[in-house]
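# Fold and contact review
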Amino acid sequence: MKTVLLTVLAVLVILFLAAMAVANFGLYDVAASTPDNGFVASMLRRTSHRSIRRQAEGIQVPRLDDPDMIKRGLIHYYEMCVVCHGAPGVKPSEIAQGLNPYPPELAEKAEPDEAAEFFWIVKHGIKMTGMPAFGLTHSDEEIWAMIAFLQKMPQLSPEEYQKLVQEVGLEEPMPQAASGEAGEAGEHEHEHGHEH
Ligand code: HEC
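Here's what I pulled together on the structure shown here.

Rules behind the numbers
- Numbers given for residues are sequential positions, taken from 1 along each chain in its written order.
- Predicted model: local features are reported for residues with pLDDT of at least 70 only, side-chain atom pairs are reported and counted for 80 or more only, and whole-chain, interface and lining totals are derived from all residues.
- Starting at the N terminus, helices and strands are each numbered in turn, a helix being any DSSP run of H or I of at least four residues and a strand any DSSP run of E of at least two.
- Field definition: a residue is buried when 20 or more other C-beta atoms are found within 10 Å of its C-beta, exposed when 12 or fewer are, and partly exposed for counts in between, with C-beta atoms placed from the backbone.
- Contacts here follow a simple rule: the backbone-placed C-beta atoms of the two residues must lie within 7 Å.
- Think of a nonpolar core as buried Ala, Val, Leu, Ile, Met, Phe, Trp, Tyr and Cys residues chained together by C-beta atoms that fall within 7 Å.
- Only the contacting stretch of a helix is used when fitting its axis, a line to C-alpha atoms as for every element, and angles between N-to-C directions run 0 to 180 degrees.
- Any angle between 65 and 115 degrees counts as roughly perpendicular, while under 35 counts as roughly parallel, over 145 as roughly antiparallel, and the rest as oblique.
- Each residue gets a C-beta atom placed from its backbone. Should that atom fall within 6 Å of a molecule or strand, the residue is termed near it.
- Throughout, the ten residues Ala, Val, Leu, Ile, Met, Phe, Trp, Tyr, Cys and Pro are labelled nonpolar, Asp, Glu, Lys and Arg are labelled charged, and all others, Gly among them, are labelled polar.

Of regular secondary structure, the protein chain possesses nine helices and zero strands. Helices and strands in the protein chain line up, N terminus first, as α-α-α-α-α-α-α-α-α. A burial count over the protein chain gives 20% of its 196 residues as buried. Partitioning the contacts of the protein chain with sequence separation of at least 6, the portion at a separation of at least 24 is 66%.

Okay, here's the thing in structure tokens:
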């Protein structure tokens, strides 16, 4: 009995040291540009799914079909989420394309039964992914408005999305052409002006 216990203990110590060696000698490739090893990837996915499902249990979902609430959600979504998750007719940006895991295009997703989990995800974020925790900066009410918009978004055509964007007073369909590039175009002009 005693030798069995000692053997088990020795094996555990060796496994622990092996794990420490992999970490300490920099043997695991953390590059976002290479996919995770299949086993690691599936363990991470499982860990994440189960954790979210468990922690979202018991969250009470309010009514999400109020048009004003959906519009308030759109304003937040447009400002903070399109860059990574895209929108009807709008592809995720270059920032999103470099992320691993890749952010899902939410215009093709939201099911009503995902509302509680999505609320939890938006409020708390997901470690070791690009998904930020918006609960640090937003009230539950604001986050529910975003979830209301997420539920609505898959039903919107690109035209309907643009129309709604204009209705709530956001000008451009996507920050892409708007803010950043205007400044850059100016600098560009300055640098290469003589070439034209
Ligand atoms: C910097 C990029 C980034 C931004 C900005 C971002 N997300 Fe995410 N989001 C991600 C990534 C990456 C994932 C996938 C994480 C994973 O696979 O575990 C994700 C996952 C999600 C999911 C889960 C989707 C699913 O099918 O499981 C929801 C819902 C979500 N984000 C909503 C939002 C909302 C709403 C906003 C804006 C308030 C937002 N995200 C902003 C990167 C981002």
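With that out of the way, let us pick up the nonpolar core. Counting 32 residues, the largest nonpolar core has Phe118, Phe119, Met146, Ile147, Ala148, Phe149 and Leu150 as its most contacted members. Looking at this core, the elements that each hand over two or more residues are α3 (67-80), α4 (82-85), α6 (115-124), α7 (140-152) and α8 (158-167). Looking at this core, the element that brings in the most residues is α7, giving eight residues. In contact with Phe149, other than residues within four places in its own chain, are Ile70, Gly73, Leu74 and Tyr77.

This part is about the packing of α3 against α7. Close contact between α3 and α7 brings their axes to 7 Å; oriented N to C, the two are set at 95 degrees. Between α3 and α7, the angle falls in the class roughly perpendicular. Here α3 contributes Met69, Ile70, Arg72, Gly73, Leu74, His76 and Tyr77 to the contact with α7, which in turn contributes Glu142, Ala145, Met146, Ala148, Phe149 and Lys152.

Not every one of the 23 residues close to the ligand is listed here, only the nearest: Cys81, Cys84, Pro101, Pro103 and Met131. Looking at the shell around the ligand, the elements that each hand over two or more residues are α3, α4 and α6. Here the residues of the shell around the ligand sort into 17 nonpolar, five polar and one charged.

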